[in-house]
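# Residue-level structural notes
If you want the building blocks of each chain, they are given just below.
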Amino acid sequence: MGKIIKKISIAVALLSFVAVVLANRSGKFSVKPFDYGGELIPVSESTAVPSGVTSVRVGMFIENVYDLNVATQSIAAELVAWVSWPQAFQKLLEEEDLSIEQVITPINRVNSWDAVTKTLHSKPVLMPNGDYNQMLRFAGRFYIDGMNLHRYPFERITVPIVLGLNIISDSFGSNKVRLVGDKTHSGVGPYIDNIGFVTNGFALREYLQRYGTGFGFHDAGKKSSTEFSQVRLEIEYHKSAFASIIQLIIPLVIVMMMVLLAPTLEASLWEVRIAIPSTALLTLVFLQQGYRQSLPILPYITYLDQVYGACYLVTLGLFWLFVWASNKLNHTPESERGAMIARLNK
């Protein structure tokens, strides 16, 4: 009987692990994102700006990135941006009575009450080629869209700093003005590392943000959408796999090794047998609560949650088997207890 229990426990453990892997890969526990009626459309590097559309060149240099807060899905950053635009766009600014810092805005900046926007030149500089240039400094907290913690503790987080055209006029729609990223000169400084994360790299990308509204620019009563161009400098971070294994996986493995070794105890030690799974269950609960405190309340379960779910299943299964074996032994007459213990130990 002991060998049967061991085989069952190992089979349940393996099946639980396979179930976790399959569920994680199939996305069974994923939550369908809310459809807000818009769409973020990436622009390929090989896609040329359509004729008749004014191109405005934008570059970014991120000096500082700090206080990456998973709970609030935001990060603090300071950066310098430069904008170069042709005479045609300058004429448009004058017609709209706007300055460049009113048109090029940090789209994903939050907490505007403590945000900073400064121009580094008192007025746009006229370049030798006839274009205008202005440098802008931005500081504040920025929202991290698309944060995905399904693979926690092995997740990757992409932090975007988004500069886009303001929606104050349809004159700045993507069919009229397009932002082009200055990939050659854009970059990051030495102060972008965040405690608890490894910096992978960065990339400057161009997107079109389609909004599910016309902002009142078009005919009343007619459903419409509007597209505005934006440039994103995206920094990718990830958790150290080695650190995650040592801090989160190894303690779990040790607890489960103790649980899986419990069937090797003599059946006569039924009190100890029953105590091991019940104690392990409490330990698992405290371990899970420990790492959960560093995460926000999520509408889905993470990879580590699925692993814990499998461990709960294995532990409960062994606890049920030990209860059955102890009851079997308890109802056995004293004269047959030796034979029953021998059967349970097999």
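Details of the structure are given in the entry above.
Described below are features of the structure shown in this document.

Parameters at a glance
- Residue positions are counted from 1 within each chain, in the order its sequence is given.
- This being a predicted model, a pLDDT of at least 70 is required before a residue's local features are given, and a value of 80 or more before pairs of side-chain atoms are given or counted; all residues contribute to the totals for chains, interfaces and linings.
- Computation of side-chain values: all heavy atoms of the structure, hydrogens and water removed.
- Comment: elements are numbered from the N terminus, with helices defined as DSSP H or I runs of at least four residues and strands as E runs of at least two.
- Buried residues are those whose accessible area, probed at 1.4 Å on protein chains only, stays under 20% of the maximum for their type, while exposed residues exceed 50% and partly exposed ones sit between those limits.
- By definition in these notes, contact holds between two residues if any of their heavy atoms fall within 4.5 Å.
- The protein chains shown are the only cover counted for residues, whose accessible areas, like all others here, come from Shrake-Rupley with a 1.4 Å probe.
- Salt bridges are counted wherever a side-chain nitrogen of Lys or Arg sits within 4 Å of a carboxyl oxygen of Asp or Glu.
- In this description, strands pair whenever DSSP reports at least two bridges between them.
- Here, axes are lines fitted to C-alpha atoms. For helices the fit covers the stretch in contact, and angles between N-to-C directions go from 0 to 180 degrees.
- Only buried residues count toward a nonpolar core. Its members are Ala, Val, Leu, Ile, Met, Phe, Trp, Tyr and Cys residues joined through side-chain atoms within 4.5 Å.
- Throughout, the bend at a residue refers to the angle made by two axes, fitted to the seven residues ending there and to the seven starting there.
- For the purposes of these results, a polar contact is taken to be a pair of N or O atoms within 3.5 Å, where, inside protein, one atom must be able to donate a hydrogen and its partner to accept one; residues adjacent in sequence count only when each atom of the pair is a side-chain atom.
- Pairing of aromatic side chains here covers Phe, Tyr and the six-membered ring of Trp, requires ring centres within 6.5 Å, and sorts the geometry by plane angle: under 30 degrees stacked, over 60 edge-to-face, intermediate tilted.
- Counted as over-ring charges are cases with an Arg CZ or a Lys NZ within 6 Å of the ring centre that also lie within 35 degrees of the ring normal.

## Section: the overall build of the chain
- When helices and strands are counted, the chain shows seven helices and 13 strands.
- Expressed as a percentage of the 346 residues in the chain, the buried residues total 42%.
- Relative to all contacts within the chain whose residues are 6 or more apart in sequence, the contacts with residues 24 or more apart total 74%.
- If you sum the accessible surface of the chain, you get close to 18900 Å²; carbon and sulfur atoms cover 59% of it.

## Re the pattern of salt bridges
- Taken as a whole and assessed by the stated rule, the structure comprises 10 salt bridges.
- One salt bridge connects Asp 145 with Arg 232, and the closest N-O pair in it is separated by 2.9 Å. With Asp 145 in the loop between β8 (132–143) and β9 (156–165) and Arg 232 in strand β13 (residues 226–238), the pair connects residues that are 87 residues apart, well separated along the chain.
- You can call Asp 145 partly exposed: its relative accessible area is 28%.
- Given the relative accessible area of 7%, Arg 232 is considered buried.
- Among the salt bridges present, the one from Lys 239 reaches Glu 155, with a minimum N-O distance of 3.6 Å. Linking Lys 239 in the loop between β13 and α4 (241–261) with Glu 155 in the loop between β8 and β9, this pair joins segments that are 84 residues apart in sequence.

## As for the sheet that holds strand β12 (residues 198–211)
- Taken in spatial order, the five strands make up an open sheet running β1-β12-β13-β9-β4, and their pairing is antiparallel. The outermost strands of the open sheet, each flanked by one partner alone, are β1 (39–43) and β4 (104–106). Between one strand and the next, the sheet's axes are offset by a mean angle of 35°, whatever the strand orientation.
- Two strands pair when backbone bridges link them, and β12 and β13 are joined in this way by 13 bridges, in the antiparallel orientation. Bridge assignment links Ala 203 to a residue of β13, and that residue is Glu 234.

## A closer look at unusual backbone geometry
- Of note, the bond from Tyr 152 into Pro 153 is cis; its omega dihedral lies within 30 degrees of zero at 10°.
- With respect to the helices, strands and loops of the structure, Pro 153 is situated in the loop between β8 and β9.
- A positive phi angle is found at Asp 97, which is not glycine, with a value near 55°.
- Here Asp 97 shows up in the loop between α2 (87–96) and α3 (100–103).
- In the Ramachandran plot, Asn 111 falls in the positive-phi region, its phi being about 55° despite a non-glycine side chain.
- Here Asn 111 shows up in the loop between β5 (109–110) and β6 (116–119).

## So, the nonpolar core
- Within the largest apolar cluster, 69 residues are counted, with the highest numbers of intra-cluster contacts made by Met 60, Phe 89 and Phe 172.
- At 10 residues, the largest contribution of residues to this core is made by helix α6 (residues 303–330).
- Excluding anything up to four places from it in sequence, Met 60 contacts Leu 79, Val 80, Ala 81, Trp 82, Ile 161, Leu 163, Ser 186, Gly 187, Leu 204, Val 231, Arg 232 and Leu 233.

## Some remarks on α4
- In the structure, α4 departs most strongly from a straight axis at Ile 249, where the bend amounts to approximately 40° and where the proline Pro 251 lies between one and four residues downstream.
- Among the residues of α4, those classed as buried are Ser 244, Leu 248, Ile 249, Leu 252, Val 255, Met 256 and Val 259.

## Quick word on the side chain of Asn 108
- Its place among the elements puts Asn 108 in the loop between β4 and β5.
- Of note is the side chain of Asn 108, whose polar atom sits 3.1 Å from the backbone nitrogen of Val 162.
- Contacts of Asn 108, omitting those with residues within four sequence positions, involve Arg 141, Phe 142, Tyr 143, Pro 160, Ile 161 and Val 162.

## Details of the packing of aromatic side chains
- This model, assessed by the stated rule, comprises eight aromatic pairs.
- For the pair Phe 89 and Phe 172, a centre-to-centre distance of 6.0 Å together with 65° between the ring planes defines the contact as edge-to-face. Taken together, the residues Phe 89 in helix α2 and Phe 172 in the loop between β9 and β10 (177–181) connect sequence positions 83 residues apart. Neither residue differs from the other here; Phe 89 and Phe 172 are each classed as buried.
- Measuring from centroid to centroid gives 6.1 Å for Tyr 211 and Phe 228, while their planes differ by 65°, and the two rings are edge-to-face. Here Tyr 211 is found in strand β12, whereas its partner Phe 228 is found in strand β13, with 17 residues between them in sequence.
- One aromatic cluster in this structure is built from Tyr 152, Tyr 291, Tyr 308 and Tyr 312.
- When the ring centre of Tyr 207 is taken as origin, the NZ or CZ atom of Arg 232, which lies over that ring, is 5.3 Å away.

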